[in-house]
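Coordinate analysis (summary)
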Amino acid sequence: LLITLLPSFAISPYTNSAVAPRKMHKTGWLDGLRGVASLMVMFHHSSVLWYRGLHRGWGSSPENYHFVQFPIIRIFYTGPAMVAIFFVISGFSLSYRALGLIRQARFAEVLDALSSSTFRRGIRLVLPTIVVTFFMMLATCAGFYGNGPGSRHPHLAETFSQNLMHWFLTVLDISDIFRPQNYPGGYNPPYDTNLWTIDVEFHGSLVIFITLLGVAKVRQNFRLLILICIPLWLLYYLHTHLFLFMSGVLLCELHYMREERLQATQSTPRSAEPRFLETTLPQLYCPRVNFAFWIINFVVSLYVLTMPLVTEGAAASPGYKTLTSWIPASYRQPFVEDQFWIHLAAVHLIWTIDNAPIFQSVFTTRFAQYLGKIGFSLYLIHGTFLYTIGYRLSGRMHAWTGVDTGFRYSGGVFLTGCVMYPLLFWASDVVYRHVDLKSVSFARWLHVRL
């Protein structure tokens, strides 16, 4: 029992079976990027708790000229951008197998794949959430959540049975994929507001599967045209999260087209006579120019991704004033006005990384891949850790270090992090192995048995 509670990377010395290293898939970097994004979401919510002022745009007021507020640097605690990246990755990953089969005209297998994915997706998303929120309810009853300024204390009823019923109704609410306002502020789950993304993921997944079923037998050029038009339509009508999912599907289709083109180029003998563009625009074929092109795209996407929220002074922040003025009039409403540029930049970033292997290597490292494994669990439980252990422990640490100077305040936060973050990563690993993986296995088993 004690061995099973060890982190996954520490278990192998105590077991007889050695796990063979998996061969990295061509799109393995997506898992690493998802994990890194989960880590940055955790940093985002940590900054909301302890450094709320950092979310103001750099230069938006005289007191907001800190280095960590500078564009691109602030990517490490920019939560909305990371969530947008989640959704684009989901669109890419969920459509990868089906689109591959479609391109091979293996339509019977396409139907099997989409049927299996549709059946298992809800279980895979909601079952871990059910387990985690149950423990959140128990933590609420036990009084683990902090009280005071900036705290997030879930609803607490008078009796345990009432809290149990509240938890049950919360689980039903989280799985409602037809809620008209699924975005921050439109829906805030009572045990952890971060869980608003669960039914958005479920909803977006079903839209992806239905779309793939609809275009399965459409010829490639028309399929590409359809997959281009759908995200544009969704963007125009402010279905911003579905825009991200379907943009991920489009990027996956473009990925396959590029792979096929490269394979055809490699299998075709190269002509000794240079092509027209190679003689007229030789710089386009220069590796240095190609490298610079993707570097510029990467930097531009990060710059736009780190755009402050409009409510946090984007319109007064140098470098973002023009972008803010270019937000379409239809988007100028609460919670939506911030999504236009950030969502476009998230799609741009994934497209850039998919085309530039130099950036993929960052997300195929062992640490990034490990984050990819525990990323969903980390996302599910980090809010609870912040507002139980983090909130209470930081209060004690600040009572010891003092808060009269920035150095003393930061010292208290640092000491809190030294205790809380290792515990959070350990718990995320345990939840990954004993809840997340088992939910995936149960969904697969249930689909086969039924």
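Up top you'll find the structure we're talking about.
From a predicted model like this one, the values you see are computed outputs, not experimental measurements.

Quick look at the pattern of salt bridges
Opposite charge on two side chains lets them pair, provided their charged atoms get close. Summed over the entire model, instances satisfying the criterion amount to 13 salt bridges. Among the ionic pairs, Arg223 bridges to Glu253, the shortest N-O distance being 3.2 Å. Here Arg223, found in helix H6 (residues 220-236), pairs with Glu253, found in helix H7 (residues 240-267); they are 30 residues apart in sequence, far enough to count as distant. Across the pair, exposure class does not vary: Arg223 and Glu253 are buried alike. What emerges from the salt-bridge pattern is a single network uniting Arg103, Arg223, Glu253 and Glu260.

Let's talk about unusual backbone geometry
The backbone of Leu238 shows a phi angle near 65 degrees, a positive value even though the residue is not glycine. Relative to the helices and strands, Leu238 is located in the loop between H6 and H7. The partly exposed category is assigned to Leu238, whose relative accessible area is 23%. If you check the backbone angles, Phe335 has positive phi at about 70 degrees while not being a glycine. Position of Phe335 among the secondary structure elements: in the loop between helix H10 (321-325) and helix H11 (339-355).

Points about the environment of Tyr145
Secondary-structure assignment places Tyr145 in the loop between helix H3 (107-141) and helix H4 (160-174). Residues Tyr145 and Gly383, spaced 238 residues apart in sequence, show a C-alpha to C-alpha distance of 11 Å. Here Tyr145 is in contact with Met136, Ala139, Thr140, Arg152, His153, Pro154, Tyr191, Thr384, Tyr387, Thr388 and Arg392, once residues within four sequence places are set aside. A polar side-chain atom of Tyr145 sits 3.4 Å from a polar atom in the side chain of Thr384.

Quick look at a nonpolar patch on the surface
The grouping of Phe135, Leu138, Phe160 and Leu164 at the surface amounts to a nonpolar patch, some 360 Å² of accessible area in total. Every element with two or more residues in the nonpolar patch is listed here: H3 and H4.

Reading the values: the criteria
Residues numbered from 1 in each chain as written. Predicted model: local features only at pLDDT ≥ 70, side-chain atom pairs only at ≥ 80, totals over all residues. Heavy atoms only, no water. Salt bridge = Lys/Arg side-chain N within 4 Å of Asp/Glu carboxyl O. Helix = DSSP H or I, 4+ residues; strand = E, 2+ residues; numbered from the N terminus. Buried < 20%, exposed > 50% of the residue type's maximum accessible area, 1.4 Å probe, protein only. Contact = heavy atoms within 4.5 Å. Polar contact = N/O pair within 3.5 Å; in protein donor to acceptor, adjacent residues only side chain to side chain. Patch = residues over 30% accessible without salt bridge, like charges linked within 9 Å, V, L, I, M, F, W, Y side chains within 5 Å. Areas by Shrake-Rupley, 256 points an atom, 1.4 Å probe, with all protein chains shown as cover.

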